[in-house]
Amino acid sequence: MAEAISCGGVVIFRGKILILYKNFRSRYEGWVLPKGTVEPGEQFEETALREVREETGVRAWIMKYVGKSEYTFRVPQGTVNKEVHWYLMASDSYYSKPQREEYFLDSGYYKFHEAYHLLKFSNEKQILEKAYQEYVEMKQAGLWRWKWRR
């Protein structure tokens, strides 16, 4: 069994969540959170920020680690055991531009209930629930910042 590690982000701006629509030759179709594979020598946080930027054009910053999801899938060479580390992130605008080279056809910020129902995978829905609860708690405690953190 092969192992794979990815990192991604639940990006929030003004209470709305950034999601992407992917369509790969009509075999893979649906709304997802931005994520991607860790490159050699890269820290998980770096991967998450890079993947969000590459897939959506969004310059985000990490507010908090949310957790990980695990799942398996089949490829012609066998089964892959995948681990995805997720971060709660903030951005400073509604701008996004889907990465066409990776078959992303649309992207945008949606209210929680809209994003939740649009997401294709149950493990991403669970991460979204957890991340959004963290966001609400941080906002109530005055810890959510809109300005770019350097």
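Details of the structure are given in the entry above.
Nothing here was measured: the structure is a model prediction, and the numbers come from that model.

(A) Structural detail: the nonpolar core. Of all hydrophobic cores here, the largest spans 22 residues; its most connected members are Val10, Ile17, Leu88 and Trp144. In this view, Trp144 contacts Ile12, Met63, Leu88, Met89, Ala90, Tyr135, Met138 and Lys139; residues no more than four positions away in its chain are not counted.

(B) Layout of the packing of aromatic side chains. Counting across every chain of the model gives twelve aromatic pairs. With a centroid separation of 6.2 Å and 40° between ring planes, the pair formed by Tyr71 and Phe73 is classed as tilted. Taking relative accessible area as the criterion, Tyr71 reaches 26% and is therefore assigned partly exposed. Pairing Phe112 with Tyr116 gives two aromatic rings, centres 5.9 Å apart and planes at 35°, and the pair type is tilted. Placement of both Phe112 and Tyr116 in helix α2 (residues 112-118) is noted, with a separation of four residues, approximately one turn of the helix. Under the relative-accessibility criterion, Tyr116 is labelled partly exposed at 22%.

(C) Here's a closer look at the layout of surface pockets. If you add up the space inside the largest pocket, you get close to 580 Å³. Lining the largest pocket are 19 residues, with Lys22, Tyr28, Lys35, Tyr71 and Lys82 sitting closest to its centre. Those elements giving two or more residues to the lining of the largest pocket turn out to be β2 (16-24), β3 (28-32), β4 (35-37), α1 (44-56), β5 (61-75) and α3 (122-140). A per-element tally of the lining of the largest pocket places β4 first, with three residues.

(D) Here's a closer look at the pairing of strand β1 (residues 2-13). As paired strands, β1 and strand β6 (residues 78-90) are joined by eleven bridges and run parallel to one another. Residue pairing across strands places Ile5 opposite Glu83, the latter belonging to β6. Of the strand pairs in this sheet, β1 and β4 are connected by three bridges, and their pairing is antiparallel. Residue Cys7 lies in a different strand from β4, and its bridge partner there is Gly36.

Rules of the game
Residues numbered from 1 in each chain as written. Predicted model: local features only at pLDDT ≥ 70, side-chain atom pairs only at ≥ 80, totals over all residues. Heavy atoms only, no water. Core = buried A, V, L, I, M, F, W, Y, C linked by side-chain atoms within 4.5 Å. Buried < 20%, exposed > 50% of the residue type's maximum accessible area, 1.4 Å probe, protein only. Contact = heavy atoms within 4.5 Å. Phe/Tyr/Trp six-rings, centres within 6.5 Å; stacked < 30°, edge-to-face > 60°. Helix = DSSP H or I, 4+ residues; strand = E, 2+ residues; numbered from the N terminus. 1 Å grid on protein atoms, 1.4 Å probe; cavity = no way out; pocket = protein on both sides within 12 Å on 5 of 7 lines; lining within 4 Å. Points joined across faces, edges and corners; volume = space filled by probe spheres on them. Pairing = 2+ DSSP bridges.

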